[in-house]
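# Fold and geometry: a report
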Amino acid sequence: MQASVLPQRHLHVHGFSQASIPQRRKCWRIQRLTVSATAAVEASPATSSETTQDPLLLRAVRGDHVERPPVWMMRQAGRYMKVYQDLCKKHPTFRERSENADLAVEISLQPWRAFKPDGVILFSDILTPLTGMGIPFDIEAGRGPVIHEPIRTMQQVEQIRTLDAHGSVPYVAEALTRLREEVGNQSTVLGFVGAPFTLATYIVEGGSSKNYTHMKRLMFTQPEVLHAFLSKMADNIADYVRYQADAGAQAVQIFDSWASNLAPQDYDIFAGPYINQIVDSVKKTHPDLPLILYISGSGGLLERMAKCNVEVISVDGSVDMKDAIRRIGPKFAVQGNMDPGVLFGSKETIAQRVVDTVRSAQGTRHIMNLGHGVLVGTPEDSVAHFFEVGKTVNERL
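Residues take numbers from 1 onward in each chain, read along the sequence in its written order. In keeping with the predicted nature of the model, local features appear solely for residues at pLDDT of at least 70, side-chain atom pairs appear and are counted solely at 80 or more, and the whole-chain, interface and lining totals rest on all residues. For side-chain calculations, the full set of non-hydrogen atoms in the structure is used, while hydrogens and water are omitted.

## Concerning the sheet that holds strand β9 (residues 312-315)
Basically, it comes down to this: Strand pairing requires that DSSP identify at least two bridges connecting the strands. A run of H or I in DSSP becomes a helix once it reaches four residues, and a run of E becomes a strand once it reaches two; helices and strands are each numbered from the N terminus. Between N-to-C directions, angles cover 0 to 180 degrees, with each direction set by a line fitted to C-alpha atoms, over the stretch in contact for helices.
With parallel pairing, the seven strands of this open sheet are ordered in space as β3-β6-β7-β8-β9-β10-β11. Edge positions in the sheet fall to β3 (119-121) and β11 (366-370), since each of these pairs with one other strand and no more. Direction aside, the axes of adjacent strands within the sheet are offset by 25 degrees on average. The pairing of strand β8 (residues 291-294) with β9 spans three bridges and is classified as parallel. Along β9, the bridge assignment pairs Y294 with S314.

Pasting the structure below:
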């Protein structure tokens, strides 16, 4: 999924079938572009021909001088686009669309063809790797994620398998490799994963939840079970980040969709440490891979997000961007944070809000984005205008 459980994107193109996916796993591994972490901190200018050819988003995160803030949009591929809706009529299930490399590539490229965003994010879902851990799930229309066997005991936790992404989700690697081939250095190919707390919440609850009763009960009655669960998930997700990077993802976004439902002191116990576990593990093997952290409703957690030591903090619409930058400090690039509801407004309103957001982030490494995923029913013309303004924003400041 792409955003609620985040990227919910599954597209199937007429004539494609799962059987048509080539089984060339070794060929899916391509050498990813390296980004100097030192350069990112010191904001030194590009000096080599390889560096100057890097996509705009990577250069902005690194701290190079860039012509404008890069712009992309969470959930930019999916339900608001007519071309996606037409594809869904032929391929009605989300898992069909997201677990077939041909369809995942086609869906991921639909907004690229239409709007040329500076980031092209893989159409997939944060739950995608669960089957490789021995946790079956489905995504039902009108209901969302369904975990068939919720995990609530230590015995169940001990049965969770180490993720073999190559064997269980080969279509993810193929899709990312093909996206890199299609996009080249014109845009940054983005992968994404779910954070341990959010994934565990779905799994413990058995799906979406309003009150998180089962998760809260586990937190406060059997915390040792939950900690063992979260640690296993963190190890597996770190491997999944590496898998995506090796296949072609040039940056990876971590979604912790439900972490804002925790009291801050509980975030420090059950969420933050396991994001840190992922980041520390990934940086040992992929020190130059930019990681982006997004938490919906995170206005009260920004300082805690900064302790996770990612390169980019994605700010949602619950906080003023200037205030967010002040609170997290100058170490990080920021992403966001226009309210997606603005896209239902007039072109003038959209343009003004884009300009306001960029102006609020001036002086900081900034990726223009929404504060949440684009909403169902958003006019495509409004999305087009968002990108047009974003790409010409320096002329409007």
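## Section: empty space enclosed by the protein
The following threshold applies: Using protein atoms alone on a 1 Å grid, points that fit a 1.4 Å probe yet trap it form a cavity, whereas open point sets bounded by protein on both sides within 12 Å along at least five of seven lines form a pocket; residues with an atom within 4 Å of a point count as lining. Grid points are joined across faces, edges and corners, and a volume is the space filled by probe spheres set on the points. Throughout this entry, Asp, Glu, Lys and Arg are counted as charged residues, while Ala, Val, Leu, Ile, Met, Phe, Trp, Tyr, Cys and Pro are counted as nonpolar. The remaining residues, Gly among them, count as polar.
The final tally for this structure, using the stated rule, is two cavities of 30 Å³ or more. Lining the second largest cavity, in full, are F197, T201, Y212, M215, K216, W258 and N261. Mapped by element, the contributors of at least two residues to the lining of the second largest cavity are α11 (196-205) and α12 (213-221). The residue makeup of the lining of the second largest cavity, split by class, is four nonpolar, two polar and one charged.

## A few points about the environment of N369
Formally: Residues are treated as being in contact if the distance between any of their heavy atoms lies within 4.5 Å. Counted as a polar contact is a pair of N or O atoms within 3.5 Å, where, for protein atoms, one must be capable of donating a hydrogen and the other of accepting one, and residues adjacent in sequence contribute only when both atoms are in side chains.
By the secondary structure assignment, N369 is in strand β11. Taking the C-alpha atoms as reference, N369 lies 9.2 Å from P340; in sequence the two are 29 residues apart. N369 has contacts with W72, M73, M74, Q335, G336, N337, M338 and F386, leaving out every residue within four places of it along the chain. Of note is the side chain of N369, whose polar atom sits 3.4 Å from the backbone oxygen of W72.

## A short note on the environment of L87
Definition in use: Relative accessibility thresholds used throughout: buried, under 20% of the residue-type maximum; exposed, over 50%; partly exposed, between the two (1.4 Å probe, protein chains only).
Following the sequence through the fold, L87 ends up in helix α5 (residues 82-90). The exposure class assigned to L87 is buried, which follows from its relative accessible area of 7%. Taking the C-alpha atoms as reference, L87 lies 9.7 Å from E106; in sequence the two are 19 residues apart.

## Brief notes about the nonpolar core
For clarity, the cut-off: What is meant by a nonpolar core is a set of buried Ala, Val, Leu, Ile, Met, Phe, Trp, Tyr and Cys residues, joined one to another through side-chain atoms within 4.5 Å.
With 130 residues, the main nonpolar core has L130, F229, V241, Y267, L343, V354 and F386 as its most contacted residues. Looking at which element gives the most residues to this core, the answer is helix α13 (residues 223-247), with 13 residues. In contact with V354, not counting residues within four places along its chain, are M338, M368, F386, V389, G390 and V393.

## Observations regarding the pairing of strand β4 (residues 137-140)
In β4, alternate side chains face the same way, and those of F137 and I139 are buried while those of D138 and E140 on the opposite face are not. Bridging between β4 and strand β5 (residues 144-147) involves four bridges; their strand directions are antiparallel. Looking at β5, one finds that F137 is bridged to I147. Linkage of β4 to β5, two consecutive antiparallel strands, is achieved through a turn of three residues, within which G142 is found at a positive phi near 80 degrees.

## So, the side chain of R62
Mapped onto the elements, R62 comes out in helix α4 (residues 56-62). Owing to a relative accessible area of 2%, R62 belongs among the buried residues under this scheme. Only 2.9 Å separates the side chain of R62 from the side chain of D54, close enough to count as a polar contact.

## Topic: the side chain of T201
Here T201 is to be found in helix α11. Among the residues examined, T201 registers a relative accessible area of 2% and is labelled buried. Among the polar contacts made by the side chain of T201, one reaches the main-chain carbonyl oxygen of F197 at a distance of 2.8 Å. Each residue touching T201, except ones within four places of it in the same chain, is listed here: G207, Y212, M215 and W258.

## Focus on the packing of aromatic side chains
Keep this limit in mind: Side-chain rings of Phe, Tyr and Trp, where Trp is taken by its six-membered ring, are said to pair if the distance between their centres is within 6.5 Å; with planes under 30 degrees apart they count as stacked, over 60 as edge-to-face, and otherwise as tilted.
On inspection of all chains with the given rule, the structure shows nine aromatic pairs. Summarising the aromatic geometry, the rings of Y212 and W258 are spaced 6.0 Å apart at their centres and angled 50 degrees between planes, so their arrangement reads as tilted. Separated by 46 residues along the polypeptide, Y212 in the loop between α11 and α12 and W258 in the loop between β7 (251-255) and α14 (264-270) bring together distant segments of the chain. Centre to centre, the rings of Y240 and Y243 are 6.3 Å apart; their planes meet at 20 degrees, and the pair counts as stacked. Of this pair, Y240 and Y243 both sit in helix α13, separated by three residues, roughly a single helical turn.

## Description of the confidence of the model for the chain
Should pLDDT be low for a region, the predicted coordinates there are not to be read in detail. Threshold: pLDDT measures how confident the predictor is about each residue, on a scale from 0 to 100.
On average, residues of the chain score 89 in pLDDT, and 87% of them are at 70 or above. The low-confidence segment residues 1-51 (pLDDT under 50) makes 177 contacts with residues lying over four places distant or belonging to another chain.

## Comments concerning helix α17 (residues 321-328)
Which entries qualify depends on this criterion: Directions are taken from the helix axis to each C-beta atom, and the arc is the one they span.
For α17, every residue scored as buried is listed here: M321, A324, I325, R327 and I328. Down the axis, α17 shows its buried residues gathered within 165 degrees of arc, on one side only. Those residues of α17 that are exposed and angled more than 90 degrees off the buried face are K322 and R326. Where α17 is buried, its residues contact α16 (302-306), β9, β10 (333-338), α18 (347-360) and β11.

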